[in-house]
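One letter stands for each residue in the lines below.
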There are 2 protein chains.
Amino acid sequence: MSLRFALLGLLAVEPASGYDLKRAISRSTYFIWNATGPQIYNTLHKLREEGCITSRSLAQDGKPDKQIHTITARGRARLEEFMSEPIRASVTRDEVLLRIFFGNFASKKVIRRELGSYLERIRRERAYMEATEARINAHPGSKHEARRFQLLSLRIKVAQYRAMEQELVRFLGDGDRETRLVKLRRHRRGASAKNTLRIAGSTRLVRNRSN
Amino acid sequence: MSLRFALLGLLAVEPASGYDLKRAISRSTYFIWNATGPQIYNTLHKLREEGCITSRSLAQDGKPDKQIHTITARGRARLEEFMSEPIRASVTRDEVLLRIFFGNFASKKVIRRELGSYLERIRRERAYMEATEARINAHPGSKHEARRFQLLSLRIKVAQYRAMEQELVRFLGDGDRETRLVKLRRHRRGASAKNTLRIAGSTRLVRNRSN
DNA sequence: CGCATATAGTAAAGTACTTACCTATGAAAG
DNA sequence: CTTTCATAGGTAAGTACTTTACTATATGCG
């Protein structure tokens, strides 16, 4: 549903082709909303049918023709309408957390390897995003409202990555060369009990919630 | 795709009906992977066709019959196979961040109101999750591997919420009674420049990335 | 008594997303 | 000098997921 609005938001800045939008997304909103080519083209077709954008063909030499899409007044209205709606409970669908949640179904070796390489990946990603943030901040003239919000979303994502990294490092017991943290060895009190996770049982991991 | 594995993961603990699974998900994995009724039933049908689960009817008195689904050896193999695959670049699809990214298309009042109420929501959610975590930790006998991983995913989500809260509080200028943080007022050097965000232009927010 | 809620689902329709493929150009690699 | 890669611009088909609505029975609430 929201890809519509990501596209409208980008088109509200300037007209673009489907391909331009694809690149724009992989450059600017990739950490928020990713979309593949077909999805973008499909959504553009729908937006056109709904009268939110208009399209005109532009012949190019050496390249295929492209369709330039321009946002209409109706499209702008839809965008503002979307932005004024209350924020829905975000659809939680996190494959990484799912893998962790069911981590006991993989061998210890495999899960350490997978979480380790995931940690490396988000560390690189975060470093890159932080460099971007620094670059934008060092760059004066960023007083545009648009940029302020873009920076905020970037900062939030960075903070979330950092939080995840900390938890992963703690879990993996700092088997890494970069952080050199003090290894926490907690004395485990070796108690035993019979309360395990029961799917529909009494020891709930979290509360019962309607819907 | 991963709902299959969430269901298999839950069924690997104990057999359950579709309804049980729905409740289990809204109790235990709701912060990771949510699913609606029809989706669960559909996926169960597919899993049965694939031979990953078997189902038998169980008559109950006072209630409708239910179908108890049990994971098969094949299902367990599929689950372990899934768990051994490399973690894919997680599909980023965050409506909240999208709303923030395009925040300039809403009025200041609206965005402050929406972010404020979102902040309240995740604060409550986090408090609840932390209470759950404390309850589980206070509860010895949690030496089960399964529970360790469940706790880890819970902790990661909590840490991510906390990170987001901090950024939101900072952005909203601490108009809240709970945290009483020192208001950071940064002296802005009032420079001007003409480099704005151009969608396909040279001042990229982030790098160009394949795919 | 009537209504809400919990139980245990099915049906149908639509939206969102993925995988695989196609055409064509131009530049670099061998 | 031709195969391969990267860029440009897209389509077709299929899978995954959501929404809405519907069918039943039983239990508790006021």
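About the thresholds
Residues numbered from 1 in each chain as written. Chains lettered and ligands numbered in written order. Predicted model: local features only at pLDDT ≥ 70, side-chain atom pairs only at ≥ 80, totals over all residues. Heavy atoms only, no water. Helix = DSSP H or I, 4+ residues; strand = E, 2+ residues; numbered from the N terminus. Buried < 20%, exposed > 50% of the residue type's maximum accessible area, 1.4 Å probe, protein only. Contact = heavy atoms within 4.5 Å. Areas by Shrake-Rupley, 256 points an atom, 1.4 Å probe, with all protein chains shown as cover. Domains from an automatic or database assignment. Phe/Tyr/Trp six-rings, centres within 6.5 Å; stacked < 30°, edge-to-face > 60°. Lys NZ or Arg CZ within 6 Å of the ring centre and 35° of its normal. pLDDT = per-residue confidence, 0-100. Salt bridge = Lys/Arg side-chain N within 4 Å of Asp/Glu carboxyl O. Expected span 1.5 Å × (residues − 1).

## Notes on the overall build of chain A
Of regular secondary structure, chain A possesses seven helices and two strands. Classification of the 211 residues of chain A by burial places 47% in the buried group. Intrachain contacts of chain A at a sequence separation of at least 6 include 57% that bridge at least 24 residues. Within the structure as shown, chain A displays about 11100 Å² of accessible surface, and the carbon and sulfur contribution to it stands at 50%.

## Topic: the domain arrangement of chain A
Where interface size is quoted, it is often the accessible area lost as the parts come together. With domains assigned, chain A is organised as domain 1 (3–84) and domain 2 (95–172). Each of domain 1 of chain A and domain 2 of chain A was reduced to a C-alpha centroid, and the two centroids are 28 Å apart.

## Quick notes on the packing of aromatic side chains
Tallied over the entire structure, the rule returns 10 aromatic pairs over all chains. Both rings, one in A:Tyr30 and one in A:Phe31, keep their centres 5.6 Å apart while their planes meet at 80°; by these two values the pair is edge-to-face. One exposure class covers both A:Tyr30 and A:Phe31, and it is buried. Relative to B:Phe102, the ring of B:Phe101 lies with its centre 5.1 Å away and its plane at 80°, an arrangement referred to as edge-to-face. Residue B:Phe102 is classed as buried on the basis of its relative accessible area of 5%. Site record: aromatic cluster; members linked through ring pairs are A:Phe101, A:Phe102 and A:Phe105. In this arrangement the basic side chain of B:Arg148 is found over the ring face of B:Phe149, its NZ or CZ atom lying 5.9 Å from the centre.

## A few points about the confidence of the model for chain A
All names here are of chain A. On average, residues of chain A score 80 in pLDDT, and 77% of them reach the 70 mark or higher. Helix 7 (residues 145–172) holds the highest mean pLDDT among the elements of chain A, 94, whereas strand 1 (residues 53–58) holds the lowest, 86. Here residues 175–204 scores under 50 on pLDDT; set against residues more than four positions off or in separate chains, the count is 45 contacts. Ignoring residues within four places in sequence, the model shows residues 206–211, a span with pLDDT below 50, making 16 contacts including any to other chains.

## What about the pattern of salt bridges?
Here the structure, examined in full by the defined rule, presents 23 salt bridges over all chains. Across the salt bridge formed by A:Glu130 and A:Arg162, the nearest N and O atoms sit 3.0 Å from each other. You can see A:Glu130 sitting in helix 6 (residues 108–138) and its partner A:Arg162 sitting in helix 7, a full 32 residues away along the chain. Its relative accessible area of 24% is what places A:Glu130 among the partly exposed residues. For B:Glu50, the salt bridge identified is with B:Arg4, shortest N-O distance 2.3 Å.

## As for helix 7 (residues 145–172) of chain B
Residues and elements named next belong to chain B. The terminal C-alpha atoms of helix 7 lie 41 Å apart, and with 28 residues this matches the ideal 40 Å at 1.5 Å per residue to within 8%. For helix 7, a buried count of 21 out of 28 residues is recorded, marking the element as mostly surrounded by other parts of the structure. Where helix 7 terminates, the next one or two residues include Gly 173, which has phi positive at roughly 75°.

## Describing helix 4 (residues 73–84) of chain B
Taking 1.5 Å of rise per residue, 12 residues should cover 16 Å, and helix 4 of chain B covers 17 Å from first to last C-alpha, within 8% of that figure. As for helix 4 of chain B, its buried residues are in contact with helix 5 (95–101) and helix 6 of chain A together with helix 1 (2–13) and strand 2 (66–71) of chain B.

## Some points on the side chain of A:Glu167
By the secondary structure assignment, A:Glu167 is in helix 7. Note on A:Glu167: relative accessible area 10%, which makes it buried. Once you skip the residues sitting within four places of it in the chain, A:Glu167 turns out to touch B:Leu152, B:Arg155, B:Ile156 and B:Ala159.

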